[in-house]
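# Tertiary structure, described
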Amino acid sequence: MTRRLLLSYLSLAALVLLCLEIPLGFVYSRGERERVVNAAKDEAESVSAYAALSLAAGRAERDLPTRVAHCAERIGGKVVIVDAWGAPLATSHPVDAGVSGDLAARPGIAAALRGTSTVDVRTSTIGGVEYLSVAAPVGQEARPVGAVWLTVPTRTVHERVHHVWLLLVLGGLAVLTAVAVVGFAFARWAGRPIRELEQATHDLADGGRFAPVTITKGPPEVRSLAAAFNHTAARLAHLLASQRAFAGEASHQLKTPLAALRLRLENLEPDTAARARGSLTAAVTETDRLARMVEHLLAMARLEEHAATPATVDLGTVCAERHRTWQPLFAREGVSLVLFAGSVGPVLAVPGAVEQIMDNLLSNALRASPAGSTVTIELRLQAPPRRALRDGRPRWVDLHVTDEGPGMTAEQRTRAFDRFWRAPGAPKGGTGLGLALVQRLALASGGEAVLRAAATGGLDVVIRLPSARPSGEAGPGPGGDRPRRPRREAPALPA
(Lines give C-alpha, C1' and ligand atoms only; values in the text may rest on other atoms or scores of the structure.)
Protein backbone atom coordinates (compact mmCIF):
# COMPACT_ATOMS: atom_id res chain seq x y z
CA MET A 1 0.00 0.00 0.00
CA THR A 2 2.85 2.39 0.82
CA ARG A 3 4.39 1.93 -2.63
CA ARG A 4 1.05 2.50 -4.36
CA LEU A 5 0.34 5.68 -2.42
CA LEU A 6 3.87 6.98 -3.02
CA LEU A 7 3.62 6.17 -6.73
CA SER A 8 0.31 8.02 -6.99
CA TYR A 9 1.76 11.10 -5.25
CA LEU A 10 4.83 11.13 -7.50
CA SER A 11 2.75 10.61 -10.64
CA LEU A 12 0.47 13.52 -9.76
CA ALA A 13 3.41 15.80 -8.88
CA ALA A 14 5.26 14.86 -12.08
CA LEU A 15 2.16 15.58 -14.17
CA VAL A 16 1.75 19.02 -12.56
CA LEU A 17 5.46 19.82 -13.05
CA LEU A 18 5.37 18.80 -16.70
CA CYS A 19 2.29 20.94 -17.32
CA LEU A 20 4.01 23.94 -15.71
CA GLU A 21 7.69 23.65 -16.58
CA ILE A 22 7.48 22.73 -20.27
CA PRO A 23 5.33 25.76 -21.21
CA LEU A 24 7.51 27.94 -18.97
CA GLY A 25 10.66 26.76 -20.73
CA PHE A 26 9.25 27.44 -24.19
CA VAL A 27 7.92 30.84 -23.16
CA TYR A 28 11.34 31.82 -21.82
CA SER A 29 13.07 30.55 -25.00
CA ARG A 30 10.72 32.52 -27.23
CA GLY A 31 11.09 35.65 -25.09
CA GLU A 32 14.87 35.41 -25.14
CA ARG A 33 14.84 35.00 -28.91
CA GLU A 34 12.60 38.04 -29.38
CA ARG A 35 14.78 40.10 -27.04
CA VAL A 36 17.94 39.29 -28.99
CA VAL A 37 16.26 39.98 -32.35
CA ASN A 38 14.86 43.34 -31.18
CA ALA A 39 18.22 44.36 -29.71
CA ALA A 40 19.97 43.52 -33.00
CA LYS A 41 17.39 45.44 -35.03
CA ASP A 42 17.72 48.50 -32.78
CA GLU A 43 21.51 48.34 -33.08
CA ALA A 44 21.33 48.06 -36.85
CA GLU A 45 18.99 51.06 -37.10
CA SER A 46 21.27 53.08 -34.82
CA VAL A 47 24.33 52.32 -36.93
CA SER A 48 22.31 53.02 -40.10
CA ALA A 49 21.28 56.47 -38.84
CA TYR A 50 24.83 57.32 -37.81
CA ALA A 51 26.17 56.14 -41.17
CA ALA A 52 23.63 58.31 -43.04
CA LEU A 53 24.70 61.40 -41.09
CA SER A 54 28.38 60.62 -41.62
CA LEU A 55 27.90 60.16 -45.36
CA ALA A 56 25.89 63.39 -45.58
CA ALA A 57 28.62 65.31 -43.72
CA GLY A 58 31.41 63.71 -45.74
CA ARG A 59 33.06 62.16 -42.68
CA ALA A 60 32.38 58.53 -43.51
CA GLU A 61 36.01 57.50 -43.87
CA ARG A 62 36.93 59.08 -40.53
CA ASP A 63 33.92 58.30 -38.31
CA LEU A 64 32.49 55.03 -39.63
CA PRO A 65 35.44 52.71 -38.79
CA THR A 66 35.49 53.91 -35.20
CA ARG A 67 31.73 53.56 -34.81
CA VAL A 68 31.73 50.12 -36.44
CA ALA A 69 34.50 48.92 -34.15
CA HIS A 70 32.72 50.16 -31.02
CA CYS A 71 29.42 48.58 -32.14
CA ALA A 72 31.02 45.23 -32.89
CA GLU A 73 32.78 45.24 -29.53
CA ARG A 74 29.51 46.07 -27.73
CA ILE A 75 27.40 43.38 -29.35
CA GLY A 76 30.21 40.87 -29.59
CA GLY A 77 29.59 40.33 -33.27
CA LYS A 78 30.52 41.69 -36.69
CA VAL A 79 29.40 44.87 -38.47
CA VAL A 80 29.75 45.75 -42.16
CA ILE A 81 28.69 49.00 -43.89
CA VAL A 82 28.54 49.04 -47.69
CA ASP A 83 27.74 51.76 -50.20
CA ALA A 84 24.98 51.75 -52.77
CA TRP A 85 26.99 49.44 -55.08
CA GLY A 86 27.87 46.93 -52.35
CA ALA A 87 31.46 48.09 -51.83
CA PRO A 88 32.51 48.00 -48.14
CA LEU A 89 32.80 51.41 -46.50
CA ALA A 90 33.72 50.18 -43.00
CA THR A 91 34.08 46.72 -41.44
CA SER A 92 34.72 45.56 -37.90
CA HIS A 93 36.87 42.67 -39.13
CA PRO A 94 39.13 42.06 -42.08
CA VAL A 95 37.26 41.08 -45.25
CA ASP A 96 38.93 39.22 -48.11
CA ALA A 97 38.82 40.71 -51.56
CA GLY A 98 36.76 37.79 -52.85
CA VAL A 99 34.27 38.11 -50.04
CA SER A 100 33.99 41.90 -50.38
CA GLY A 101 33.04 41.50 -53.99
CA ASP A 102 30.21 39.16 -53.09
CA LEU A 103 28.68 41.31 -50.36
CA ALA A 104 26.14 42.87 -52.69
CA ALA A 105 24.95 39.40 -53.69
CA ARG A 106 24.05 38.37 -50.14
CA PRO A 107 20.26 38.23 -49.71
CA GLY A 108 20.14 40.48 -46.65
CA ILE A 109 22.43 43.20 -48.07
CA ALA A 110 20.71 43.06 -51.47
CA ALA A 111 17.31 43.58 -49.83
CA ALA A 112 18.66 46.46 -47.71
CA LEU A 113 20.08 48.15 -50.82
CA ARG A 114 16.57 47.97 -52.24
CA GLY A 115 15.27 49.69 -49.11
CA THR A 116 13.99 46.66 -47.13
CA SER A 117 15.21 45.69 -43.65
CA THR A 118 15.70 41.93 -43.14
CA VAL A 119 16.21 39.65 -40.20
CA ASP A 120 17.49 36.09 -40.61
CA VAL A 121 16.99 33.87 -37.53
CA ARG A 122 17.61 30.17 -37.21
CA THR A 123 16.61 28.47 -33.96
CA SER A 124 17.92 25.32 -32.33
CA THR A 125 15.76 22.34 -31.41
CA ILE A 126 15.04 23.63 -27.89
CA GLY A 127 14.26 27.20 -28.92
CA GLY A 128 17.60 28.97 -28.29
CA VAL A 129 18.77 31.31 -31.05
CA GLU A 130 21.59 29.71 -33.03
CA TYR A 131 22.34 32.26 -35.79
CA LEU A 132 21.18 35.88 -36.30
CA SER A 133 21.90 38.45 -39.00
CA VAL A 134 20.23 41.85 -39.49
CA ALA A 135 20.46 44.12 -42.55
CA ALA A 136 19.14 47.70 -42.63
CA PRO A 137 19.27 50.37 -45.41
CA VAL A 138 21.31 53.55 -44.94
CA GLY A 139 19.40 56.69 -45.85
CA GLN A 140 15.89 56.92 -47.18
CA GLU A 141 14.22 53.61 -47.95
CA ALA A 142 13.22 54.89 -51.43
CA ARG A 143 16.82 55.76 -52.33
CA PRO A 144 19.26 54.06 -49.93
CA VAL A 145 22.89 55.13 -50.19
CA GLY A 146 24.18 52.01 -48.51
CA ALA A 147 23.41 49.19 -46.12
CA VAL A 148 24.39 47.99 -42.63
CA TRP A 149 24.84 44.28 -41.99
CA LEU A 150 25.17 42.94 -38.43
CA THR A 151 26.00 39.37 -37.51
CA VAL A 152 25.40 38.57 -33.83
CA PRO A 153 26.86 35.41 -32.25
CA THR A 154 24.17 33.54 -30.37
CA ARG A 155 26.25 31.08 -28.36
CA THR A 156 25.64 33.04 -25.15
CA VAL A 157 21.90 33.05 -25.68
CA HIS A 158 22.00 29.38 -26.57
CA GLU A 159 23.85 28.57 -23.33
CA ARG A 160 21.49 30.75 -21.32
CA VAL A 161 18.48 28.89 -22.66
CA HIS A 162 20.12 25.54 -21.88
CA HIS A 163 20.92 26.79 -18.39
CA VAL A 164 17.30 27.73 -17.82
CA TRP A 165 16.13 24.29 -18.99
CA LEU A 166 18.68 22.66 -16.65
CA LEU A 167 17.40 24.76 -13.75
CA LEU A 168 13.86 23.74 -14.55
CA VAL A 169 14.84 20.07 -14.60
CA LEU A 170 16.79 20.33 -11.35
CA GLY A 171 13.94 22.26 -9.77
CA GLY A 172 11.49 19.60 -10.85
CA LEU A 173 13.70 16.84 -9.42
CA ALA A 174 13.99 18.75 -6.16
CA VAL A 175 10.21 19.12 -5.99
CA LEU A 176 9.75 15.42 -6.76
CA THR A 177 12.27 14.53 -4.05
CA ALA A 178 10.42 16.68 -1.53
CA VAL A 179 7.11 15.15 -2.60
CA ALA A 180 8.63 11.66 -2.27
CA VAL A 181 9.84 12.35 1.28
CA VAL A 182 6.59 13.92 2.41
CA GLY A 183 4.50 11.36 0.52
CA PHE A 184 6.47 8.44 1.98
CA ALA A 185 5.96 9.78 5.49
CA PHE A 186 2.24 10.26 4.87
CA ALA A 187 1.89 6.84 3.21
CA ARG A 188 3.64 5.16 6.13
CA TRP A 189 1.39 7.00 8.55
CA ALA A 190 -1.72 6.00 6.60
CA GLY A 191 -0.58 2.43 5.96
CA ARG A 192 0.75 1.52 9.43
CA PRO A 193 -2.69 0.80 10.97
CA ILE A 194 -3.69 -1.16 7.87
CA ARG A 195 -0.56 -3.29 8.19
CA GLU A 196 -1.40 -3.87 11.85
CA LEU A 197 -4.90 -4.91 10.81
CA GLU A 198 -3.44 -7.29 8.24
CA GLN A 199 -1.08 -8.85 10.77
CA ALA A 200 -3.86 -9.19 13.34
CA THR A 201 -6.08 -10.82 10.69
CA HIS A 202 -3.34 -13.34 9.81
CA ASP A 203 -2.76 -14.12 13.48
CA LEU A 204 -6.47 -14.65 14.05
CA ALA A 205 -6.75 -16.85 10.93
CA ASP A 206 -3.73 -18.94 12.03
CA GLY A 207 -5.33 -19.62 15.38
CA GLY A 208 -3.16 -17.24 17.34
CA ARG A 209 -4.29 -15.32 20.37
CA PHE A 210 -6.41 -12.30 19.55
CA ALA A 211 -4.83 -8.96 20.44
CA PRO A 212 -6.84 -5.76 19.78
CA VAL A 213 -5.29 -3.35 17.31
CA THR A 214 -4.86 0.31 18.17
CA ILE A 215 -7.59 2.63 16.90
CA THR A 216 -5.81 5.96 17.46
CA LYS A 217 -3.63 5.92 14.33
CA GLY A 218 -4.29 6.71 10.70
CA PRO A 219 -7.19 8.43 8.92
CA PRO A 220 -10.70 8.38 10.43
CA GLU A 221 -11.86 5.67 8.02
CA VAL A 222 -9.00 3.38 9.08
CA ARG A 223 -9.69 4.01 12.76
CA SER A 224 -13.35 3.12 12.20
CA LEU A 225 -12.28 -0.06 10.39
CA ALA A 226 -9.94 -0.97 13.26
CA ALA A 227 -12.73 -0.51 15.81
CA ALA A 228 -15.09 -2.70 13.75
CA PHE A 229 -12.37 -5.35 13.40
CA ASN A 230 -11.71 -5.39 17.16
CA HIS A 231 -15.42 -5.83 17.87
CA THR A 232 -15.83 -8.59 15.28
CA ALA A 233 -12.64 -10.41 16.26
CA ALA A 234 -13.46 -10.25 19.97
CA ARG A 235 -16.92 -11.66 19.34
CA LEU A 236 -15.54 -14.40 17.10
CA ALA A 237 -12.87 -15.31 19.66
CA HIS A 238 -15.54 -15.49 22.37
CA LEU A 239 -17.76 -17.73 20.24
CA LEU A 240 -14.87 -20.05 19.36
CA ALA A 241 -13.74 -20.24 22.96
CA SER A 242 -17.28 -21.02 24.10
CA GLN A 243 -17.63 -23.73 21.46
CA ARG A 244 -14.31 -25.35 22.34
CA ALA A 245 -15.02 -25.16 26.04
CA PHE A 246 -18.45 -26.72 25.59
CA ALA A 247 -17.15 -29.59 23.43
CA GLY A 248 -14.26 -30.31 25.76
CA GLU A 249 -16.26 -30.09 28.98
CA ALA A 250 -19.18 -32.10 27.58
CA SER A 251 -16.84 -34.83 26.37
CA HIS A 252 -15.04 -35.02 29.71
CA GLN A 253 -18.28 -34.99 31.68
CA LEU A 254 -19.80 -37.77 29.54
CA LYS A 255 -16.88 -40.19 29.83
CA THR A 256 -17.45 -41.06 33.50
CA PRO A 257 -21.25 -41.68 33.27
CA LEU A 258 -20.75 -43.79 30.16
CA ALA A 259 -18.16 -45.97 31.89
CA ALA A 260 -20.47 -46.39 34.89
CA LEU A 261 -23.42 -47.21 32.59
CA ARG A 262 -21.46 -49.90 30.77
CA LEU A 263 -20.32 -51.43 34.05
CA ARG A 264 -23.90 -51.55 35.33
CA LEU A 265 -25.07 -53.20 32.10
CA GLU A 266 -22.36 -55.83 32.37
CA ASN A 267 -23.33 -56.50 36.00
CA LEU A 268 -26.93 -57.13 34.91
CA GLU A 269 -25.91 -59.95 32.57
CA PRO A 270 -26.03 -62.81 35.17
CA ASP A 271 -29.51 -61.76 36.29
CA THR A 272 -30.94 -61.30 32.81
CA ALA A 273 -33.20 -63.89 31.25
CA ALA A 274 -32.04 -65.58 28.07
CA ARG A 275 -34.74 -63.93 25.97
CA ALA A 276 -33.62 -60.46 27.13
CA ARG A 277 -29.90 -60.92 26.65
CA GLY A 278 -30.12 -59.76 23.03
CA SER A 279 -31.46 -56.43 24.15
CA LEU A 280 -28.77 -56.21 26.83
CA THR A 281 -26.05 -56.90 24.25
CA ALA A 282 -27.52 -54.23 21.96
CA ALA A 283 -27.52 -51.77 24.87
CA VAL A 284 -23.86 -52.51 25.58
CA THR A 285 -23.04 -52.06 21.88
CA GLU A 286 -24.78 -48.69 21.76
CA THR A 287 -22.97 -47.68 24.95
CA ASP A 288 -19.65 -48.53 23.29
CA ARG A 289 -20.68 -46.55 20.23
CA LEU A 290 -21.57 -43.56 22.39
CA ALA A 291 -18.20 -43.85 24.16
CA ARG A 292 -16.39 -43.82 20.83
CA MET A 293 -18.41 -40.77 19.78
CA VAL A 294 -17.37 -38.99 22.95
CA GLU A 295 -13.72 -39.89 22.28
CA HIS A 296 -13.98 -38.45 18.76
CA LEU A 297 -15.61 -35.27 20.07
CA LEU A 298 -12.85 -34.93 22.64
CA ALA A 299 -10.18 -35.43 19.96
CA MET A 300 -11.77 -32.80 17.72
CA ALA A 301 -12.05 -30.39 20.64
CA ARG A 302 -8.36 -30.88 21.44
CA LEU A 303 -7.45 -30.36 17.78
CA GLU A 304 -9.41 -27.08 17.60
CA GLU A 305 -8.09 -25.86 20.94
CA HIS A 306 -4.43 -26.60 20.32
CA ALA A 307 -3.58 -25.85 16.68
CA ALA A 308 -0.25 -27.63 16.39
CA THR A 309 2.40 -26.75 13.84
CA PRO A 310 3.01 -29.45 11.20
CA ALA A 311 6.25 -31.36 11.69
CA THR A 312 8.23 -33.89 9.64
CA VAL A 313 6.72 -37.38 9.78
CA ASP A 314 8.03 -40.58 8.17
CA LEU A 315 4.81 -41.65 6.48
CA GLY A 316 6.16 -45.04 5.34
CA THR A 317 7.21 -46.01 8.86
CA VAL A 318 3.85 -44.98 10.35
CA CYS A 319 1.91 -46.90 7.71
CA ALA A 320 4.02 -50.00 8.28
CA GLU A 321 3.47 -49.77 12.04
CA ARG A 322 -0.32 -49.36 11.69
CA HIS A 323 -0.34 -52.20 9.18
CA ARG A 324 1.26 -54.53 11.72
CA THR A 325 -1.15 -53.35 14.44
CA TRP A 326 -4.34 -53.81 12.42
CA GLN A 327 -3.39 -56.97 10.56
CA PRO A 328 -4.56 -59.40 13.27
CA LEU A 329 -7.95 -57.67 13.50
CA PHE A 330 -8.41 -57.89 9.73
CA ALA A 331 -7.32 -61.52 9.74
CA ARG A 332 -9.87 -62.34 12.45
CA GLU A 333 -12.64 -60.90 10.21
CA GLY A 334 -11.37 -62.75 7.12
CA VAL A 335 -10.22 -59.58 5.34
CA SER A 336 -6.75 -59.19 3.81
CA LEU A 337 -4.80 -56.03 4.58
CA VAL A 338 -2.12 -55.22 1.98
CA LEU A 339 0.46 -52.44 2.13
CA PHE A 340 2.18 -51.03 -0.96
CA ALA A 341 5.02 -49.14 0.68
CA GLY A 342 7.05 -46.92 -1.59
CA SER A 343 9.97 -44.69 -0.69
CA VAL A 344 8.04 -41.44 -0.74
CA GLY A 345 10.13 -39.67 1.89
CA PRO A 346 8.91 -37.64 4.86
CA VAL A 347 5.77 -35.51 4.89
CA LEU A 348 4.56 -32.55 6.92
CA ALA A 349 1.74 -33.36 9.35
CA VAL A 350 0.46 -32.46 12.78
CA PRO A 351 2.09 -34.75 15.37
CA GLY A 352 -0.09 -37.82 15.86
CA ALA A 353 -2.37 -36.92 12.96
CA VAL A 354 -1.24 -39.70 10.61
CA GLU A 355 -1.84 -42.37 13.29
CA GLN A 356 -5.37 -41.10 13.97
CA ILE A 357 -6.11 -40.85 10.25
CA MET A 358 -4.93 -44.41 9.63
CA ASP A 359 -6.89 -45.81 12.60
CA ASN A 360 -10.13 -44.15 11.50
CA LEU A 361 -9.76 -45.14 7.83
CA LEU A 362 -8.82 -48.75 8.63
CA SER A 363 -11.68 -49.03 11.15
CA ASN A 364 -14.18 -47.80 8.54
CA ALA A 365 -12.71 -50.07 5.86
CA LEU A 366 -12.88 -53.11 8.14
CA ARG A 367 -16.57 -52.50 8.93
CA ALA A 368 -17.43 -52.00 5.24
CA SER A 369 -15.41 -54.93 3.82
CA PRO A 370 -17.02 -58.34 3.45
CA ALA A 371 -15.14 -61.49 4.35
CA GLY A 372 -12.70 -62.63 1.68
CA SER A 373 -12.13 -59.11 0.35
CA THR A 374 -8.94 -57.02 0.45
CA VAL A 375 -8.16 -53.60 1.88
CA THR A 376 -5.18 -51.87 0.28
CA ILE A 377 -2.89 -49.20 1.73
CA GLU A 378 -0.77 -47.47 -0.91
CA LEU A 379 1.61 -44.51 -0.87
CA ARG A 380 2.19 -42.47 -4.02
CA LEU A 381 4.52 -39.54 -4.55
CA GLN A 382 2.88 -36.97 -6.82
CA ALA A 383 6.04 -36.06 -8.68
CA PRO A 384 5.60 -33.11 -11.08
CA PRO A 385 6.92 -33.42 -14.64
CA ARG A 386 10.57 -32.78 -15.36
CA ARG A 387 11.48 -29.18 -14.73
CA ALA A 388 14.26 -27.00 -13.40
CA LEU A 389 15.78 -28.27 -10.15
CA ARG A 390 15.22 -24.94 -8.44
CA ASP A 391 11.51 -24.78 -9.16
CA GLY A 392 9.81 -23.96 -5.86
CA ARG A 393 6.44 -25.61 -6.54
CA PRO A 394 5.44 -28.04 -3.75
CA ARG A 395 5.19 -31.79 -4.08
CA TRP A 396 2.58 -34.00 -2.48
CA VAL A 397 2.32 -37.53 -1.12
CA ASP A 398 -0.99 -39.38 -1.50
CA LEU A 399 -2.09 -42.02 1.00
CA HIS A 400 -4.73 -44.34 -0.49
CA VAL A 401 -6.90 -46.66 1.61
CA THR A 402 -9.06 -48.72 -0.76
CA ASP A 403 -11.67 -51.31 0.19
CA GLU A 404 -13.97 -53.64 -1.75
CA GLY A 405 -17.14 -52.81 0.13
CA PRO A 406 -20.42 -51.39 -1.17
CA GLY A 407 -18.88 -47.93 -1.75
CA MET A 408 -20.80 -44.64 -1.92
CA THR A 409 -22.66 -42.69 -4.52
CA ALA A 410 -21.37 -39.31 -5.67
CA GLU A 411 -23.97 -37.52 -3.52
CA GLN A 412 -23.02 -39.59 -0.48
CA ARG A 413 -19.32 -38.86 -0.99
CA THR A 414 -20.02 -35.12 -0.91
CA ARG A 415 -21.71 -35.46 2.50
CA ALA A 416 -19.46 -38.08 4.02
CA PHE A 417 -17.26 -35.51 5.81
CA ASP A 418 -20.23 -33.91 7.62
CA ARG A 419 -20.34 -34.52 11.35
CA PHE A 420 -22.72 -37.27 12.56
CA TRP A 421 -23.70 -38.15 8.98
CA ARG A 422 -23.82 -41.87 8.15
CA ALA A 423 -24.58 -43.43 4.80
CA PRO A 424 -27.86 -45.33 4.50
CA GLY A 425 -27.27 -49.01 5.12
CA ALA A 426 -23.87 -48.38 6.72
CA PRO A 427 -22.64 -51.10 9.13
CA LYS A 428 -23.56 -50.61 12.76
CA GLY A 429 -21.02 -49.28 15.21
CA GLY A 430 -20.06 -46.06 13.43
CA THR A 431 -20.41 -42.62 14.99
CA GLY A 432 -20.42 -40.38 11.91
CA LEU A 433 -17.38 -38.51 13.23
CA GLY A 434 -14.50 -40.57 11.88
CA LEU A 435 -14.26 -39.02 8.41
CA ALA A 436 -14.95 -35.54 9.82
CA LEU A 437 -11.98 -35.98 12.15
CA VAL A 438 -9.86 -37.32 9.27
CA GLN A 439 -10.63 -34.26 7.14
CA ARG A 440 -9.90 -31.89 10.04
CA LEU A 441 -6.53 -33.55 10.69
CA ALA A 442 -5.61 -33.46 6.99
CA LEU A 443 -6.47 -29.77 6.69
CA ALA A 444 -4.56 -28.94 9.89
CA SER A 445 -1.53 -30.66 8.35
CA GLY A 446 -1.72 -28.52 5.21
CA GLY A 447 -3.26 -31.24 3.02
CA GLU A 448 -6.71 -32.47 2.07
CA ALA A 449 -8.95 -35.55 2.17
CA VAL A 450 -10.86 -36.80 -0.89
CA LEU A 451 -13.28 -39.70 -1.42
CA ARG A 452 -13.27 -41.48 -4.77
CA ALA A 453 -14.97 -44.49 -6.26
CA ALA A 454 -12.55 -47.44 -6.30
CA ALA A 455 -12.03 -49.54 -9.39
CA THR A 456 -12.99 -52.61 -7.33
CA GLY A 457 -16.39 -51.10 -6.56
CA GLY A 458 -15.61 -49.93 -3.03
CA LEU A 459 -14.30 -46.65 -1.71
CA ASP A 460 -10.87 -45.07 -2.30
CA VAL A 461 -10.01 -42.59 0.45
CA VAL A 462 -7.13 -40.30 -0.57
CA ILE A 463 -5.23 -38.29 2.03
CA ARG A 464 -2.90 -35.79 0.36
CA LEU A 465 -0.08 -34.43 2.53
CA PRO A 466 2.72 -32.00 1.61
CA SER A 467 6.11 -33.58 1.06
CA ALA A 468 8.87 -32.46 3.43
CA ARG A 469 11.58 -33.04 0.82
CA PRO A 470 12.63 -29.85 -1.07
CA SER A 471 11.60 -29.75 -4.71
CA GLY A 472 15.18 -29.46 -5.92
CA GLU A 473 16.40 -32.46 -3.94
CA ALA A 474 16.92 -35.62 -5.91
CA GLY A 475 14.33 -38.25 -5.22
CA PRO A 476 15.06 -41.77 -4.13
CA GLY A 477 14.59 -43.18 -7.58
CA PRO A 478 16.96 -43.01 -10.54
CA GLY A 479 14.87 -40.28 -12.14
CA GLY A 480 15.33 -37.73 -9.38
CA ASP A 481 11.75 -36.74 -8.49
CA ARG A 482 10.36 -40.05 -9.76
CA PRO A 483 9.61 -42.41 -6.85
CA ARG A 484 10.74 -46.00 -6.88
CA ARG A 485 8.22 -48.69 -7.66
CA PRO A 486 6.24 -49.46 -4.48
CA ARG A 487 7.06 -52.69 -2.77
CA ARG A 488 4.24 -54.88 -1.63
CA GLU A 489 4.00 -56.15 1.92
CA ALA A 490 1.46 -58.94 1.87
CA PRO A 491 0.21 -60.27 5.19
CA ALA A 492 -0.28 -63.89 5.92
CA LEU A 493 -3.62 -64.94 4.52
CA PRO A 494 -6.25 -65.72 7.13
CA ALA A 495 -6.98 -69.30 7.79
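Residues numbered from 1 in each chain as written. Predicted model: local features only at pLDDT ≥ 70, side-chain atom pairs only at ≥ 80, totals over all residues. Heavy atoms only, no water.

### Details of a nonpolar patch on the surface
- Taken together, the side chains of L166, V169, L170 and L173 define a hydrophobic patch exposed on the protein surface, amounting to about 360 Å² of accessible area.
- Tracing the backbone through its elements, the reader meets L166 in helix 5 (residues 155-205). (Patch = residues over 30% accessible without salt bridge, like charges linked within 9 Å, V, L, I, M, F, W, Y side chains within 5 Å. Areas by Shrake-Rupley, 256 points an atom, 1.4 Å probe, with all protein chains shown as cover. Salt bridge = Lys/Arg side-chain N within 4 Å of Asp/Glu carboxyl O. Helix = DSSP H or I, 4+ residues; strand = E, 2+ residues; numbered from the N terminus.)

### Section: the nonpolar core
- Counting 45 residues, the largest nonpolar core has F330, V354, L361, L362, V375 and I463 as its most contacted members.
- Excluding anything up to four places from it in sequence, F330 contacts V335, S336, L337, L362, L366 and V375.
- Within the second largest apolar cluster, 23 residues are counted, among which are L64, V79, A90 and L132. (Core = buried A, V, L, I, M, F, W, Y, C linked by side-chain atoms within 4.5 Å. Buried < 20%, exposed > 50% of the residue type's maximum accessible area, 1.4 Å probe, protein only. Contact = heavy atoms within 4.5 Å.)

### Points about the environment of P212
- Within the secondary structure layout, P212 lies in the loop between helix 5 and helix 6 (220-268).
- Taking C-alpha positions, P212 is 9.2 Å from L197, a pair spaced 15 residues apart along the chain.

### Some remarks on the packing of aromatic side chains
- Under the criterion given, the structure shown has three aromatic pairs.
- Aromatic pair Y9 and F186: ring centres 6.0 Å apart, planes at 55 degrees, arrangement tilted. With Y9 in helix 1 (residues 2-57) and F186 in helix 5, this residue pair connects regions lying 177 residues apart in the sequence.
- Exposure remark for Y9: the relative accessible area of 24% places this residue in the partly exposed category.
- Positioned over the ring face of Y50 is R67, at 4.6 Å from the centre of the ring. (Phe/Tyr/Trp six-rings, centres within 6.5 Å; stacked < 30°, edge-to-face > 60°. Lys NZ or Arg CZ within 6 Å of the ring centre and 35° of its normal.)

### Description of the pattern of salt bridges
- Taken as a whole and assessed by the stated rule, the structure comprises 10 salt bridges.
- Here E43 makes a salt bridge to R74, at a shortest N to O gap of 2.2 Å. Within this pair, whereas E43 is found in helix 1, its partner R74 is found in helix 2 (residues 60-75), the two being separated by 31 residues in sequence.
- Its relative accessible area of 14% is what places E43 among the buried residues.
- Several salt bridges share partner residues, and in doing so they unite E32, R35 and R160 into one network.

### A closer look at the pairing of strand 12 (residues 459-466)
- Of all eight residues in strand 12, seven are buried; the element is thus mostly enclosed.
- Direction of pairing for strand 10 (residues 396-402) relative to strand 12: antiparallel, over a ladder of seven bridges. If you follow D398 over to strand 12, its bridge partner there is R464.
- Here strand 11 (residues 448-453) runs beside strand 12; their pairing, made up of six bridges, is antiparallel. Bridge pairing in strand 12 places A453 opposite L459.
- Turn length for the strand 11-strand 12 hairpin, with the two strands adjacent in sequence and antiparallel, is five residues, and the turn residue G457 shows positive phi of about 100 degrees. (Pairing = 2+ DSSP bridges.)

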